[in-house]
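Survey of secondary and tertiary structure
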Amino acid sequence: MSRTENVELTTLCLVMDGTRVLLQNRVKADWRGYALPGGHVEQGESFVEAVIREMKEETGLTVVAPKLVGVKQFPIENGRYIVFLFKAEKYEGELTSSDEGRMEWVEYDRIDSIGAVADLKKLIDMMNAERPCEFQYVEENGGWRAIIR
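**Looking at the overall build of the protein**
Along the protein, the regular secondary structure elements total two helices and 11 strands. Computed over the C-alpha atoms, the radius of gyration of the protein is 15 Å, within 12% of the 15 Å expected from 2.2 N^0.38 for a compact globule of 149 residues. Each principal axis of the C-alpha atoms in the protein carries an extent, and together these give about 50 × 35 × 35 Å. Restricting to contacts in the protein with at least 6 residues of sequence separation, those with at least 24 account for 64%.

**Description of the side chain of glutamate 54**
By the element assignment, glutamate 54 lies in helix 1 (residues 47-59). Once residues within four sequence positions are removed from consideration, glutamate 54 is found in contact with Thr11, Gly38, Gly39 and His40.

**What to know about the layout of surface pockets**
Space left empty within the atom packing is revealed by a probe, the size of a water molecule, rolled over the atoms. Roughly 670 Å³ of volume is contained in the largest pocket. Along the wall of the largest pocket there are 31 residues; nearest its centre are Arg26, Asp30, Trp31, Phe74 and Tyr81. Elements with a contribution of two residues or more to the lining of the largest pocket: strand 1 (6-17), strand 2 (20-26), strand 4 (38-40), helix 1, strand 6 (67-76), strand 7 (79-88), helix 2 (120-127) and strand 10 (133-140). Among the elements that take part in the lining of the largest pocket, strand 1 stands out by supplying four residues, more than any other. Partitioned by chemical class, the residues of the lining of the largest pocket number 15 nonpolar, six polar and 10 charged. Here the second largest pocket defines a volume of roughly 170 Å³. Forming the walls of the second largest pocket are 15 residues, and the residues nearest its centre are Lys67, Val69, Lys87, Glu89 and Met127. If you list the elements that add at least two residues to the lining of the second largest pocket, you get strand 6 and strand 7. Class assignment for the residues of the lining of the second largest pocket results in eight nonpolar, one polar and six charged.

**Side note on the nonpolar core**
Ranked by internal contacts, the top residues of the largest apolar core, which has 24 residues, are Leu23, Leu36, Leu85, Leu123 and Met127. Put simply, the parts of the chain that give this core at least two residues each are strand 1, strand 2, strand 3 (33-35), strand 7, helix 2 and strand 10. The greatest single-element share of this core, amounting to five residues, is contributed by helix 2. Those residues in contact with leucine 23 that lie beyond four places of it in its chain are Tyr34, Ala35, Leu36, Arg102, Met103, Glu104, Val106, Ile111, Ile114 and Leu120. In terms of nonpolar packing, the next biggest core, distinct from the first, is built from 12 residues, Leu22, Val51, Ile82 and Ala88 among them.

**Overview of the side chain of glutamate 58**
For glutamate 58, the position within the fold is in helix 1. Buried charge glutamate 58 goes without a salt bridge, the closest partner of opposite sign being arginine 26 at 5.6 Å. Engagement of the side chain of glutamate 58 in a polar contact is seen with the side chain of glutamine 24, the distance being 3.1 Å. A distance of 3.3 Å separates a polar side-chain atom of glutamate 58 from the backbone nitrogen of glycine 38. Filtering out sequence-adjacent residues up to four positions away, glutamate 58 remains in contact with Gln24, Pro37, Gly38, Thr96, Ser97, Ser98, Glu100 and Met103.

**Overview of the packing of aromatic side chains**
Taken as a whole, this structure holds six aromatic pairs when the rule is applied. Their ring planes at 20 degrees and their centres at 4.0 Å tell us that phenylalanine 47 and phenylalanine 84 sit as a pair that is stacked. Of this pair, phenylalanine 47 sits in helix 1 while phenylalanine 84 sits in strand 7, and the two are 37 residues apart along the sequence. For phenylalanine 47, a relative accessible area of 33% corresponds to the partly exposed category. Centre to centre, the rings of phenylalanine 74 and tyrosine 81 are 4.8 Å apart; their planes meet at 20 degrees, and the pair counts as stacked. Site record: aromatic cluster; members linked through ring pairs are Phe74, Tyr81, Phe135, Tyr137 and Trp144. Of note, lysine 121 hangs over the ring of tyrosine 108, and the distance from its end group to the ring centre comes to 4.8 Å.

How each quantity is defined
- Residues numbered from 1 in each chain as written.
- Predicted model: local features only at pLDDT ≥ 70, side-chain atom pairs only at ≥ 80, totals over all residues.
- Heavy atoms only, no water.
- Helix = DSSP H or I, 4+ residues; strand = E, 2+ residues; numbered from the N terminus.
- Rg over C-alpha atoms; globule rule 2.2 N^0.38 Å.
- Contact = heavy atoms within 4.5 Å.
- 1 Å grid on protein atoms, 1.4 Å probe; cavity = no way out; pocket = protein on both sides within 12 Å on 5 of 7 lines; lining within 4 Å.
- Points joined across faces, edges and corners; volume = space filled by probe spheres on them.
- Nonpolar A, V, L, I, M, F, W, Y, C, P; charged D, E, K, R; others polar.
- Core = buried A, V, L, I, M, F, W, Y, C linked by side-chain atoms within 4.5 Å.
- Buried < 20%, exposed > 50% of the residue type's maximum accessible area, 1.4 Å probe, protein only.
- Lys, Arg positive; Asp, Glu negative; His and termini not counted.
- Salt bridge = Lys/Arg side-chain N within 4 Å of Asp/Glu carboxyl O.
- Polar contact = N/O pair within 3.5 Å; in protein donor to acceptor, adjacent residues only side chain to side chain.
- Phe/Tyr/Trp six-rings, centres within 6.5 Å; stacked < 30°, edge-to-face > 60°.
- Lys NZ or Arg CZ within 6 Å of the ring centre and 35° of its normal.

Function cannot be read off these values alone, since they describe shape.
What follows is the structure, encoded as structure tokens:
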């Protein structure tokens, strides 16, 4: 049995400004709706470098001292998709949008009413927890179930 599997490495970043959260209204069909911005880690790139680059590309902002606060994962064909979850409360620059979707500051208490992607509020709550955590999707009965550890 091989201990090697295919892995896709990505990052997401929770940017907080008081009670507001920076969200991207994604336009891609595979994950449409309000979500945290982020993207793939490029070959040879550190995870911190990746989240800083992706945030700049998608939001126009340079996040300062992003902190790793957890990991999200789910199965893909012959492997798993791993998302390194970062949080940043300091940033520089001017907010812009990208081809990925329009960027918006959203009050945290409005997330459930704006057409957010599945489990966004649970994910944000986990990312704001006192200790780093894991957010894992497992396949169950033809659907997905989120497990938070």
